[in-house]
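Given next are the chains, with one letter for each unit.
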Amino acid sequence: MSAVSDRLPTFPWDRLEPYKKTAAAHPDGIVDLSVGTPVDPVPELIQKALIDAADSPGYPTVWGTPALRAAITGWLERRLGARGVTDRHVLPIVGSKELVAWLPTQLGLGPGDRVAHPRLAYPTYEVGARLARAGHEVYDDPRDLDPANLKLLWLNSPSNPTGKVLGKQKLTEIVAWARENGVLLFSDECYLELGWETDPVSVLHPDVNGGSYDGIVAVHSLSKRSNLAGYRAAFLAGDPAVLGPLLEIRKHGGMMTSAPTQAAAVAALGDDEHVRVQRERYAARRALLRAALLEHGFRIEHSEASLYLWATLDESCWSTVAHLADLGILVAPGDFYGEAGEKFVRVALTATDERVRAAVARLKA
């Protein structure tokens, strides 16, 4: 029974528990900036769509309703500049983490195959490779990789944890390299609508892909931009030759988004105003936390997009975690995301305005 779990690393967040207890003992309570989970209300129009679809006794479809597919294709063209997107270019998924963890397995990868991801990255990219028994490796620039047996290349822009954004020219060059070498490229773009100092670009933009979706797929989520982490609503967009087989596998596996969630996703994708409002909330919190961290002696790198500040005191990340826990502030240690993060911490913007003000006051005290 342990054969599969033995392939996996220790769940990183378990290591943070002692520091969480320290932070929680602060007289004014904990300010938890460790996990990027939304704390603001689900917009009313989305809640209403969910409620109106609550009477859904039948099985939903894996491919999604026609209304959902139309909402996805419309959003891709309106917000990302994609062109010529049809039903065949999209596939709903049950939250993006599920997809990341099981994609190598669903692609049929195994021993001898290789999966690559950024040196500093969301840990689930590695987990997905381990579950499939495929090899996994990190990169600074994917074009430096040996393409032999490289079956899956993950991009992540804007990055979790660093907030780094890949520019249009670099994306274009990476897409061209992947195609030249027959490497399937998946681009995790879940933070794309949360650019602060730059405007992130999707691999689906024609300036990047030359008007073709061959060999590329983008991953998008409604968790952050619409506060729907609890709904598990996400989707893929890109090469039909990749999505078609994935659809068949997921139909056999029953990997379907619930009907009420599909209706809620239609509402979320059709409304840009709630995204603007949420962006303003995060921008205000980011400005306050960034200034307070700098005043406290931190250096912040990248962080031009996403929901995090990538900060360092030029010491062990665990020393910084302990220091901030003593102030009642919990952050994520950078080595959760790779050895290159050993002197950084990831500070999430996902706390209420009141808790962010509390953190700022403690950092300035």
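Residues numbered from 1 in each chain as written. Predicted model: local features only at pLDDT ≥ 70, side-chain atom pairs only at ≥ 80, totals over all residues. Heavy atoms only, no water.

A. Broad picture of the sheet that holds strand E8 (residues 234–238). Taken in spatial order, the 7 strands line up as E2-E8-E7-E6-E5-E3-E4 in an open sheet, and their pairing is mixed. Bordering the open sheet on either side are strand E2 (90–93) and strand E4 (135–139), each of which pairs with just one other strand. Taking each pair of neighbouring strands and ignoring which way they run, the sheet shows an average axis angle of 20 degrees. Where strand E5 (residues 150–156) meets strand E6 (residues 184–188), 5 bridges bridge the pair, whose relative direction is parallel. Residue pairing across strands places Asn156 opposite Asp188, the latter belonging to E6. Its contacts with the sheet put helix H3 (residues 66–80) on E2, strand E7 (216–221) and E8, and the angle it makes with E2 is roughly 110 degrees. Contacting E2, E6, E7 and E8, helix H8 (residues 240–253) crosses the sheet at an angle of about 40 degrees to E2. (Pairing = 2+ DSSP bridges. Helix = DSSP H or I, 4+ residues; strand = E, 2+ residues; numbered from the N terminus. Axes fitted to C-alpha atoms, helices over the stretch in contact; angles between N-to-C directions. Contact = heavy atoms within 4.5 Å.)

B. Spotlight on the packing of helix H10 (residues 273–295) against helix H12 (residues 353–364). Direction vectors running N to C along H10 and H12 enclose 15 degrees, while the axes themselves pass 9 Å from each other. Taken together, the axes of H10 and H12 are roughly parallel relative to one another. Classified by chirality, the crossing of H12 by H10 is left-handed. Of the residues in H12, those in contact with Arg285, Leu288, Leu289, Ala292, Leu293 and Glu295 of H10 are Asp353, Val356, Ala359, Val360, Leu363 and Lys364. Taken together, the residues of the contact of H10 with H12 sort by class into 8 nonpolar, no polar and 4 charged. (Parallel < 35°, antiparallel > 145°, perpendicular 65-115°, else oblique. Left-handed = near helix turned anticlockwise from the far one by under 90°. Nonpolar A, V, L, I, M, F, W, Y, C, P; charged D, E, K, R; others polar.)

C. Here's a closer look at empty space enclosed by the protein. A full pass over the atoms with the stated rule returns 3 cavities of 30 Å³ or more. Of the pockets and cavities examined, the largest cavity occupies roughly 80 Å³. Together, 14 residues line the largest cavity, and Cys190, Glu193, His220, Ser221 and Arg225 are the ones closest to its centre. In this model, the second largest cavity occupies a volume close to 70 Å³. Lining the second largest cavity, in full, are Leu68, Ile72, Pro92, Ile93, Leu222, Ala233, Ala234, Phe235, Thr257, Thr261, Ala265 and Leu269. Going through the elements one at a time, H3, E2, E8 and helix H9 (259–269) are the ones with two or more residues in the lining of the second largest cavity. (1 Å grid on protein atoms, 1.4 Å probe; cavity = no way out; pocket = protein on both sides within 12 Å on 5 of 7 lines; lining within 4 Å. Points joined across faces, edges and corners; volume = space filled by probe spheres on them.)

D. Here's a closer look at unusual backbone geometry. Here the amide bond leading from Ser157 into Pro158 is cis, since omega sits at -5 degrees, within 30 degrees of zero. You can see Pro158 is positioned in the loop between E5 and helix H6 (168–180). Within the chain, Asn227 stands out as a residue other than glycine whose phi angle is a positive 60 degrees. Its place among the elements puts Asn227 in the loop between E7 and E8. One non-glycine residue, Ser303, lies in positive phi territory at about 60 degrees.

E. Broad picture of the packing of H3 against H9. One can describe the packing of H3 onto H9 by two numbers: an axis separation of 9 Å at closest approach and a directional angle of 25 degrees. By the angle between their directions, the pair H3 and H9 is classed as roughly parallel. Pair H3 / H9 crosses with left-handed handedness. Residues Ala67, Leu68, Ala71, Ile72, Trp75 and Arg78 of H3 form the contact with H9, whose own contacting residues are Gln262, Ala265, Val266 and Leu269. Of the residues that constitute the contact of H3 with H9, the class distribution is 8 nonpolar, 1 polar and 1 charged.

F. How the structure looks around H10. In a regular helix each residue adds 1.5 Å, so 23 residues correspond to 33 Å; H10 covers 34 Å between its end C-alpha atoms and thus fits that length. Taken as a whole, H10 has its buried residues at His274, Val275, Gln278, Tyr282, Arg285, Arg286, Leu289, Ala292 and Leu293. Buried residues in H10 make contact with helix H2 (44–52), H9, strand E9 (299–301), strand E10 (308–312), strand E13 (344–348) and H12. Positive backbone phi, at 110 degrees, marks Gly297, one or two positions downstream of H10. (Expected span 1.5 Å × (residues − 1). Buried < 20%, exposed > 50% of the residue type's maximum accessible area, 1.4 Å probe, protein only.)

G. Representation of the layout of surface pockets within the structure. One number sums up the size of the largest pocket: a volume of about 1,300 Å³. In this structure, the largest pocket is lined by 44 residues; those nearest its centre are Trp13, Lys97, Tyr122, Pro123 and Thr124. Of all the secondary structure elements, the ones that give two or more residues to the lining of the largest pocket are helix H4 (96–106), helix H5 (124–131) and E4. Of the residues that constitute the lining of the largest pocket, the class distribution is 22 nonpolar, 12 polar and 10 charged. Lining the second largest pocket are 18 residues, and of these Pro118, Leu120, Asp140, Thr162 and Lys164 sit closest to its centre. Tallied by class, the residues present in the lining of the second largest pocket amount to 8 nonpolar, 5 polar and 5 charged.

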